Amino acid sequence: MTGAPRRLPQRSTGRAAAAGGVVGFDLDLTLIDPRPGVIACMELLSAETGRDIDARLVASRLGPPLEVELANWFSATDVPRVADRYRALYSEHAVPVTTALPGAAGAVDAVRTAGSRAVVITAKWETTARLTLDHLGIVVDGVVGWRWGPQKAETLRTLGAWCYVGDHESDVLAAREAGAVAVAVATGPCTRDQLSRFAGTVVLDSLAEFPAWYCGAIRGEGQPAAPARVANAPRTSTHPSS
């Protein structure tokens, strides 16, 4: 059963930032479910290289950059070449079978309808991320690829993002490091309890709950929102790569 969003310690409302700033979204297992495609591509890669890759294990721990995962199966000298091949396979075999997670389009639409900018910040290759979003018809205002952990925090700071939405503990930590609101959805490898251990994090069962939370934050109805440093920061017109 889907529960109501958990109310955790409140922070300053930051309505101005919420209503006109940048909202960052992770991609894999936050907006999209790429697992069937990942499994297909890893199985093809295994057949081509003769390396015994456990494709389902790979799909169960999505989050870090591709090269980090491939290092579990290939030598350091082979990883760059194999990564290039995987990405070529991905465009053909994974993008067409990728699906949007429940509430994904509605969450992005809620942000853009409010006059804010929705920017995807992902560890994925930017070209692949854009192809996937185009395939699913999810319209965002920018995509920044090859970002993981502290790199996501750096991008969030550069954009002056008000909040970041992700499914992984590393997404929560990136938001916190950037001084943004951390919104976590329990649709990835981390459980709701794991995500809830970070004080001040907004934890949702899925993005289907996001529009109500976000609209409430804009109205200042007491949901956790932006810390003062972000709420008072000047808005940026920086546009991620087009």
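Residues numbered from 1 in each chain as written. Predicted model: local features only at pLDDT ≥ 70, side-chain atom pairs only at ≥ 80, totals over all residues. Heavy atoms only, no water.

*Asks:* Explain the pairing of strand β6 (residues 161–166) residue by residue, including any values.
*Replies:* Burial within β6 is extensive, with six of its six residues counted as buried. As defined by bridge partners, strand β1 (residues 22–25) adjoins β6 across four bridges and the pair is classed as parallel. Paired with Gly 24 across the two strands is Tyr 164, which belongs to β6. Here β6 pairs with strand β7 (residues 181–185) via four bridges, running parallel. Across the sheet, residue Val 165 finds its bridge partner in β7, namely Val 183. The β-α-β motif built from β6, the intervening helix α9 (residues 169–178) and the parallel element β7 has right-handed crossover chirality. (Buried < 20%, exposed > 50% of the residue type's maximum accessible area, 1.4 Å probe, protein only. Helix = DSSP H or I, 4+ residues; strand = E, 2+ residues; numbered from the N terminus. Pairing = 2+ DSSP bridges. Right-handed = clockwise from strand over helix to strand, strands pointing away.)

*Asks:* Which residues make up the environment of Arg 85, and what are the values?
*Replies:* Here Arg 85 is to be found in helix α5 (residues 79–93). Excluding residues that lie within four positions of it along the chain, Arg 85 makes contacts with Leu 45 and Glu 48. Engagement of the side chain of Arg 85 in a polar contact is seen with the side chain of Glu 48, the distance being 2.7 Å. (Contact = heavy atoms within 4.5 Å. Polar contact = N/O pair within 3.5 Å; in protein donor to acceptor, adjacent residues only side chain to side chain.)

*Asks:* Give me the sheet that holds β7: which residues, what numbers.
*Replies:* The strand order β5-β4-β1-β6-β7-β8 describes an open sheet built from six strands, whose pairing is parallel. Whereas interior strands pair on both sides, the edge strands pair on one side only; in this sheet they are β5 (142–144) and β8 (202–204). Direction aside, the axes of adjacent strands within the sheet are offset by 20° on average. In this sheet, strand β4 (residues 117–121) lies alongside β1 in parallel orientation, the contact comprising four bridges. The partner of Gly 24 across the bridge, within β4, is Val 119. Strand contacts of helix α8 (residues 150–159): β1, β4, β5 and β6, with the helix running at about 160° to β4, the strand carrying the most contacts. Sheet contacts for α9: β6 and β7; angle to β7, the most-contacted strand, approximately 170°. (Axes fitted to C-alpha atoms, helices over the stretch in contact; angles between N-to-C directions.)

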